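Chain and residue survey
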Amino acid sequence: MPNTKATAIAHPNIAFIKYWGNRDDVLRLPSNGSISMNLDGLTTKTRVEFSPLFKEDSLILNHKKHSGPALERVRAFLDLIRSMANKNLYSEVTSENNFPISAGIASSAAAFAALALAATKAIGSNLSEAELSRLARHGSGSACRSIPDGFVEWNYGDQDENSYAESIAPAASWDLVDCIALIATGHKKVSSTAGHRFADTSPLQTARVQDASRRLGICRSAIIKKDFQLLAEIIELDSNLMHAVMMTSKPPLFYWEPQTLEVMRAVRNWRAQGIPACYTLDAGPNVHVICLSSVSEKIKNNLEQMDFVQRLIIAKPGSGAFLLDN
Ligand code: DP6
């Protein structure tokens, strides 16, 4: 049997309407739908090779061989792909990010989107975009949103078959920019996977989930109509709601640092002065400042003047996952 290999690229994404909490943790069926934007320029490149000569699965991540939990998570995901294709071959997975994993940008989204695409191609399964998104969801929930292009909605679905993401507008449709302000922290953060399991312990989660379809509707129409003010208000509300759930869960999760709040306050002041910028935060202290490209230089300069901002990463709307010619 010949060796089969493929290489794919995927971008991480930033959620505008957040995924937090699952109805089914094993299948990663989320409690609510979510909307995100893929981040151009930030990439994960993953090469997968299956071969009858391999005696076990192996994982090389950013030039370092991994075993333990990282390999286990990849192996469980490859098992799904092997059983779908009905092939019992071990594989070698080699993956590289061009952005620091420690920067707190959700790297698992890009990782499992690129792995889903490369591994299914390498094993000879040709999946539709929806099938790939659904598969990527099993590796990391937010990975399903890194498969389609540009601005993407994950329809939560009520079962495995109908829980996947679709593009709602192409990357080129709106010139938004994400200026990511990285803020130093000495704390070890609680991973998203662990955090999702605490979401239902917050008395606020029910209200957050019940109101989700309203927020999704507003966010979707803000993207389609390119209405920045509408987008700004809904994504700040959604980020605050998710963090309110985090802070009131058991155990409580506080991802914000004092400097996080300082940036959030500054962004709201800039908007009050007429500058089209707003903030959103994932499970970490870094602030994603979303703005129109016409003001991105100004935002960048403003953020650079804050001496606690360790580093800035700038990203435009990005494509979905794609294959490279081997
Ligand atoms: C706060 O997709 O990273 O970034 O499925 O356990 O890998 P797992 O969780 P993950 O959760 C993302 C959480 C978030 C919000 C979001 O991206 O929607």
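All values reported here derive from a predicted model rather than from experimental measurement. (Residues numbered from 1 in each chain as written. Predicted model: local features only at pLDDT ≥ 70, side-chain atom pairs only at ≥ 80, totals over all residues. Heavy atoms only, no water.)

Moving on, we get to the overall build of the protein. Looking only at helices and strands, the protein features nine helices and 16 strands. Here the protein has a C-alpha radius of gyration of 19 Å; the compact-globule value for 326 residues is 20 Å, and the two agree. Projected onto its principal axes, the C-alpha coordinates of the protein cover approximately 65 × 40 × 40 Å. A buried classification covers 53% of the 326 residues belonging to the protein. Contacts spanning at least 24 positions in sequence make up 75% of the contacts within the protein whose residues lie at least 6 apart. In the protein, 34 positive and 33 negative side-chain charges are present, and the distance between their average locations comes to 2 Å. (Helix = DSSP H or I, 4+ residues; strand = E, 2+ residues; numbered from the N terminus. Rg over C-alpha atoms; globule rule 2.2 N^0.38 Å. Buried < 20%, exposed > 50% of the residue type's maximum accessible area, 1.4 Å probe, protein only. Contact = heavy atoms within 4.5 Å. Lys, Arg positive; Asp, Glu negative; His and termini not counted. Charge placed at Lys NZ, Arg CZ, Asp CG, Glu CD.)

On to the pattern of salt bridges. Scanning the model with the defined rule gives 16 salt bridges in all. When the shortest N-O distance is used, the salt bridge between Arg-47 and Glu-92 registers 3.9 Å. In this pair, Arg-47 is assigned in strand S6 (residues 44-51) and Glu-92 in strand S9 (residues 90-97), connecting sequence segments 45 residues apart. Look at the salt bridges and you will find they share partners, linking Asp-57, Glu-72, Arg-75, Asp-79 and Arg-82 into a network. (Salt bridge = Lys/Arg side-chain N within 4 Å of Asp/Glu carboxyl O.)

The next point concerns the sheet that holds strand S5 (residues 34-38). What holds strands together in a sheet is hydrogen bonding between their backbones, with the strands either parallel or antiparallel. Taking strand neighbours across the sheet as the criterion, the four strands line up as S2-S5-S10-S11 in an open arrangement whose pairing is antiparallel. Each of the sheet's edge strands pairs with one partner strand only, and the pair in question is strand S2 (13-17) and strand S11 (164-169). The mean inter-strand angle of the sheet, taken between neighbouring strand axes irrespective of direction, is 35 degrees. Across five bridges, strand S10 (residues 151-155) lies against S11 in antiparallel orientation. Note on S11: the bridge partner recorded for Asn-155 is Tyr-164. (Pairing = 2+ DSSP bridges. Axes fitted to C-alpha atoms, helices over the stretch in contact; angles between N-to-C directions.)

Looking at the ligand, there are 17 residues lining it, with Arg-28, Ser-140, Gly-141, Ser-142 and Thr-193 nearest. Between an oxygen atom of the ligand and a main-chain N or O atom of Tyr-19, the distance comes to 2.9 Å. Measuring from an oxygen atom of the ligand, one finds a side-chain N or O atom of Arg-73 at 2.9 Å. With three residues, the top contributor of residues to the shell around the ligand is helix H4 (residues 192-198). A breakdown of the residues in the shell around the ligand according to their chemical character gives five nonpolar, seven polar and five charged. (Near = heavy atom within 4 Å. Polar contact = N/O pair within 3.5 Å; in protein donor to acceptor, adjacent residues only side chain to side chain. Nonpolar A, V, L, I, M, F, W, Y, C, P; charged D, E, K, R; others polar.)

Reading across from one edge, S8-S7-S9-S6-S1-S16 is the order of the six strands in this open sheet, with mixed pairing throughout. Strand pairing shows two members of the sheet lacking a second neighbour, strand S8 (64-66) and strand S16 (322-324), which therefore form its edges. Each neighbouring strand pair of the sheet contributes to a mean axis angle of 25 degrees, computed without reference to strand direction. Pairing between strand S7 (residues 58-61) and S8: three bridges, direction antiparallel. For Leu-59, the partnering residue across the bridge sits in S8 and is His-66. Contacts from helix H1 (residues 69-85) reach S6, S7, S8 and S9 within the one sheet, and its direction differs from that of S9 by about 125 degrees.

Our next topic: the packing of aromatic side chains. In total, this model carries three aromatic pairs according to the counting rule given. Taking 4.8 Å as the distance between ring centres and 65 degrees as the angle between the ring planes, the aromatic pair formed by Tyr-19 and Trp-154 counts as edge-to-face. Highlighted residues: Tyr-19 in the loop between S2 and strand S3 (22-24) and Trp-154 in strand S10, separated in sequence by 135 residues. Judged on exposure class, the residue Tyr-19 and its partner Trp-154 are both buried. Where Trp-174 meets Phe-228, the ring centres are 6.4 Å apart and the plane angle is 70 degrees; that geometry is what we call edge-to-face. With Trp-174 in the loop between S11 and strand S12 (176-183) and Phe-228 in helix H7 (residues 228-247), this residue pair connects regions lying 54 residues apart in the sequence. Overall, Trp-174 belongs to the buried group, its relative accessible area being 4%. Assessed through its relative accessible area of 8%, Phe-228 is described here as buried. (Phe/Tyr/Trp six-rings, centres within 6.5 Å; stacked < 30°, edge-to-face > 60°.)

This part covers the pairing of strand S1 (residues 4-10). Across a regular strand the side chains alternate sides, sitting on one face of the sheet and then on the other. Across the seven residues that make up S1, a large majority, five, are buried. Here S1 pairs with S6 via seven bridges, running antiparallel. Bridging across to S6, Ile-9 finds its partner in Lys-45. Bridge analysis of S1 against S16 gives three bridges, and the strand direction is antiparallel. Within S16, the residue paired with Thr-7 across the bridge is Leu-324.

A word on the packing of helix H6 (residues 212-225) against H7. Where H6 meets H7, the closest approach of the two axes is 9 Å, and the angle between their N-to-C directions is 145 degrees. Taken as a pair, H6 and H7 cross one another with a handedness that is left-handed. Contacts between H6 and H7 involve Arg-214, Arg-215, Ile-218, Cys-219, Ser-221, Ala-222, Ile-223 and Lys-225 on the former and, on the latter, Leu-230, Leu-231, Ile-234, Ile-235, Leu-237, Asp-238 and Leu-241. In the contact of H6 with H7, the residues fall into ten nonpolar, one polar and four charged. (Left-handed = near helix turned anticlockwise from the far one by under 90°.)

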